[in-house]
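Fold and geometry: a report
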Amino acid sequence: MMQSLSDKLFMGSLILLMISIVVSGIGFQFVNWRAQVTDELDGETQGSGSRKKAVMDRQDKSLGRVLRSKLFWIAIAGILISIGLSWFSSK
């Protein structure tokens, strides 16, 4: 009984984690990342260094959005709780 509950909680939390990552921005940023970086670099030289910096800044911002997301932390807590339940049920 406890193992079944732990498995369902883990799978539900994993699905929630994937949804929170997509909703927070990482999942969709690669679809049109070239256009966004090009827009950010208007007026600047299209040098390799500035392009890499713009891409890295964009990735840092999207990672920050994910880490501030409440859905992300709820999913992480659910995964940790399911691991705990699984560990206690095996004893």
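Residues numbered from 1 in each chain as written. Predicted model: local features only at pLDDT ≥ 70, side-chain atom pairs only at ≥ 80, totals over all residues. Heavy atoms only, no water.

**Thoughts on the overall build of the protein chain**
Counting its secondary structure elements, the protein chain contains 5 helices and 0 strands. In the protein chain, the order of α-helices and β-strands from amino to carboxyl end is α-α-α-α-α. Looking at the protein chain as a whole, 22% of its 91 residues are labelled buried. As displayed, the protein chain has an accessible area near 6500 Å², and 70% of this comes from carbon and sulfur atoms. (Helix = DSSP H or I, 4+ residues; strand = E, 2+ residues; numbered from the N terminus. Buried < 20%, exposed > 50% of the residue type's maximum accessible area, 1.4 Å probe, protein only. Areas by Shrake-Rupley, 256 points an atom, 1.4 Å probe, with all protein chains shown as cover.)

**A few points about the packing of aromatic side chains**
Per the stated rule, a full pass over the model turns up 2 aromatic pairs. Here Phe72 and Trp73 contribute two aromatic rings whose centre-to-centre distance is 5.0 Å and whose plane-to-plane angle is 80 degrees, an arrangement assigned as edge-to-face. Assessed through its relative accessible area of 13%, Phe72 is described here as buried. Judged by relative accessible area, which is 47%, Trp73 ranks as partly exposed. (Phe/Tyr/Trp six-rings, centres within 6.5 Å; stacked < 30°, edge-to-face > 60°.)

**A closer look at the side chain of Ser6**
Tracing the chain through its elements places Ser6 in helix α1 (residues 2–24). Overall, Ser6 belongs to the buried group, its relative accessible area being 3%. When residues no more than four places from it in sequence are discounted, the contact partners of Ser6 are Ser82, Leu85 and Ser86. (Contact = heavy atoms within 4.5 Å.)

**Considering the nonpolar core**
Membership of the largest hydrophobic core is limited to 5 residues, which are Leu17, Val66, Phe72, Ala75 and Ile79. Of all the elements, helix α5 (residues 70–90) adds the most residues to this core, at 3 residues. Setting aside chain neighbours within four positions, we find Phe72 in contact with Leu17, Ser20, Val66 and Leu67. (Core = buried A, V, L, I, M, F, W, Y, C linked by side-chain atoms within 4.5 Å.)

**What about the side chain of Ser69?**
Along the chain, Ser69 falls in the loop between α4 (48–68) and α5. Exposure remark for Ser69: the relative accessible area of 13% places this residue in the buried category. A polar side-chain atom of Ser69 sits 3.3 Å from the main-chain amide nitrogen of Leu71. Dropping the residues within four chain positions of it, Ser69 is found in contact with Ser20 and Ser24. (Polar contact = N/O pair within 3.5 Å; in protein donor to acceptor, adjacent residues only side chain to side chain.)

**Some details on the UniProt feature "transmembrane region" (unreviewed entry) in the protein chain**
When the UniProt feature table is mapped onto this chain, "transmembrane region" (unreviewed entry) is found at residues 9–31 and 71–88. Helix makes up 100% of residues 71–88 and strand 0%. Its end C-alpha atoms lie 26 Å apart. (UniProt positions renumbered as here; feature names shortened; annotations may be inferred.)

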